Structure formats: C-alpha cells, structure tokens
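Reading the structure
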Amino acid sequence: MDVKISESWNTILNDEFQKPYFESLTSFVKNEYTSHQCFPKGSEIFAAFNHCSFNDVKVVIIGQDPYHNENQANGLCFSVHDKITHPPSLINIFKEIEVDIGKAYPSSGNLEHWADQGVLLLNAILTVRAHQAGSHQNKGWEKFTDAVIQQISEQKGNVVFLLWGGYAKKKGAKIDKSKHCVLSSGHPSPLSANRGYWFGNKHFSKTNDYLKSIGKAEINW
C-alpha cells in the first residue's frame, strides 16, 4: 500500500509504517482491493488524515469501520459522499446538532468541512469489503489507529475526544484525561439512540464551549 498521507502525519507515524504488522496489513489490503470490491476507494483510505493534519487536530471522533455499501464511504467516519442517502447514525447525529445548537438539518452528509476545521474523523478500521461489515477486522488496522490515538494523547494537549458507544469508549480508554477533554455517550445508531443513550448529550455545544474556553476557534458543525 502506497501510503499517501500528509507530511505532518508521516512524521508522527513513520515508525509505525515500518513495523512488521503494517507490512502484513499492506499486503492484505492490496490483495483485497485487487480481488474484491472494497471501500473507500484507494485514494480515500487516509482521507481523515489528509483533511486534518496532526498540527490542526482539535477534536477526534472515533468510528468503527467504513460504510460497506456503494458510494457511501469517503474515508471519514460517519461521513458519506455528497448526494448519498444519510445512514441512520448520521441522521441521528444531525438531529442532535439541530436540537443542541439550532443548526438546520443539512442536505449533504459529507463531513469534509468538519475535518477541514480540525476534526479527525477516525475509523478504527480504515477499509472494508463491499457489503460485508467488519470484514477487515483484526488485520492490523486497529493496532495502527490505536497508535494514532496514543500519539495524539501523548504529543498534543487540550484535544476534545468524542467517544460514542462502547467500542469507541474502549478504543479511547488510554487517553490522558488530565490534559484532554473526553466526552462519552451512547452511539448514535437507532438501537442506542432510541433507548435514550444518544439524544441530549450536547456534545457539539460542549465541544465548542471547551474550545472557546482555551482560546481556540469553535467548530462550525
């Protein structure tokens, strides 16, 4: 896998790219993309990093793996390409934003404009075989994204981590809460949201309140 990633991340993660597990992961991903239809397209696998440099990271949202249906995944967790029907979790994210900060429900589910403002939209697993959710689990991506989170936790300060659901909470368990703002809630999926674990978390206003308190620009959600 030819890792085309912004220079700020390449500096931070270069050691990771040289490790045996990443070499094995590279071979696996190359074979999968050659033999099967996979998402996102190759040029978008590292989109989260290329839209949000290490130096610019202010907020981290942790997802699980990419959407696995046609034309959905664009390399940013919870985000879909323009003109694509919004998946249920994204619908609930936008509904919470509506109630929390009064911003109208958007027509596009593309979250690139969040990433461009310093929101790292990080899936734990960066690739998936078409129509097979979780098909690229336990191949090395989780180890790589754990390293990403660790580097952010250790080398930066005052980052807002949004941990939605049990998977994200476990993924973010080692974040240094003494120097970062960690907000947790249920997952925005209908199963969790309809049980009262998502709506009303006010994570979007709380994030902006925190950023404002430390003198950083708020996110235009």
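Residues numbered from 1 in each chain as written. Predicted model: local features only at pLDDT ≥ 70, side-chain atom pairs only at ≥ 80, totals over all residues. Heavy atoms only, no water.

A short note on the overall build of the protein chain
For the protein chain, the count of helices and strands is nine helices and six strands. Relative to the compact-globule value of 17 Å for 221 residues, the protein chain shows a C-alpha radius of gyration of 17 Å, a close match. The principal-axis extent of the C-alpha atoms belonging to the protein chain is close to 45 × 35 × 25 Å. Per-residue burial for the protein chain yields a buried fraction of 54% across its 221 residues. Contacts in the protein chain between residues at least 24 apart in sequence constitute 66% of all its contacts with a sequence separation of at least 6. Carbon and sulfur atoms make up 47% of the accessible area of the protein chain, which totals about 10,200 Å². Computing the positive centroid from 23 side-chain charges and the negative centroid from 22, the protein chain places the two 5 Å apart. (Helix = DSSP H or I, 4+ residues; strand = E, 2+ residues; numbered from the N terminus. Rg over C-alpha atoms; globule rule 2.2 N^0.38 Å. Buried < 20%, exposed > 50% of the residue type's maximum accessible area, 1.4 Å probe, protein only. Contact = heavy atoms within 4.5 Å. Areas by Shrake-Rupley, 256 points an atom, 1.4 Å probe, with all protein chains shown as cover. Lys, Arg positive; Asp, Glu negative; His and termini not counted. Charge placed at Lys NZ, Arg CZ, Asp CG, Glu CD.)

A short note on the environment of glutamine 37
Counting through the fold element by element, glutamine 37 comes out in the loop between helix 2 (20-35) and strand 1 (38-39). Ignoring anything within four residues of it in the chain, the contact list for glutamine 37 reads Glu70, Arg129, Ala130 and His131.

Considerations on the sheet that holds strand 6 (residues 181-185)
Taken in spatial order, the four strands line up as 3-2-5-6 in an open sheet, and their pairing is parallel. The open sheet terminates on both sides in strands that have one partner only, identified here as strand 3 (119-123) and strand 6. Neighbour to neighbour, the strand axes of the sheet diverge by 20° on average, direction disregarded. As defined by bridge partners, strand 2 (residues 59-63) adjoins strand 3 across five bridges and the pair is classed as parallel. Pairing of glycine 63 across the sheet is with asparagine 123, part of strand 3. (Pairing = 2+ DSSP bridges. Axes fitted to C-alpha atoms, helices over the stretch in contact; angles between N-to-C directions.)

So, the packing of helix 4 (residues 88-101) against helix 9 (residues 203-213)
At a minimum axis distance of 8 Å, the contact between helix 4 and helix 9 shows a crossing angle of 60°. Relative to helix 9, the element helix 4 lies oblique. Contacts from Ile93, Glu96, Ile97, Asp100 and Ile101 in helix 4 reach His203, Phe204 and Ser205 in helix 9. Per-class residue counts for the contact of helix 4 with helix 9 are four nonpolar, two polar and two charged. (Parallel < 35°, antiparallel > 145°, perpendicular 65-115°, else oblique. Nonpolar A, V, L, I, M, F, W, Y, C, P; charged D, E, K, R; others polar.)

Brief notes about the pattern of salt bridges
Applying the stated criterion to the full structure yields three salt bridges. Between arginine 129 and glutamate 32 there is a salt bridge; the shortest N-O distance is 2.8 Å. With arginine 129 in strand 4 (residues 128-129) and glutamate 32 in helix 2, this residue pair connects regions lying 97 residues apart in the sequence. (Salt bridge = Lys/Arg side-chain N within 4 Å of Asp/Glu carboxyl O.)

Here's the deal with the pairing of strand 3
Judged by how many residues are buried, strand 3 sits mostly within the fold: five of five residues are covered. Judged by which residues are buried, strand 3 turns out to be covered on both faces: Val119, Leu121 and Asn123 on one side and Leu120 and Leu122 on the other are all buried.

As for the state of the cysteines
Inspection of the entire model under this criterion finds zero disulfides. Here cysteine 38 stays free of any disulfide, with the sulfur of cysteine 77 as its closest cysteine sulfur at 20 Å. Owing to a relative accessible area of 8%, cysteine 38 belongs among the buried residues under this scheme. Note on cysteine 52: no disulfide assigned, nearest cysteine sulfur contributed by cysteine 77 at a separation of 11 Å. By relative accessible area, cysteine 52 is classed as buried at 1%. (Disulfide = S-S within 2.5 Å.)

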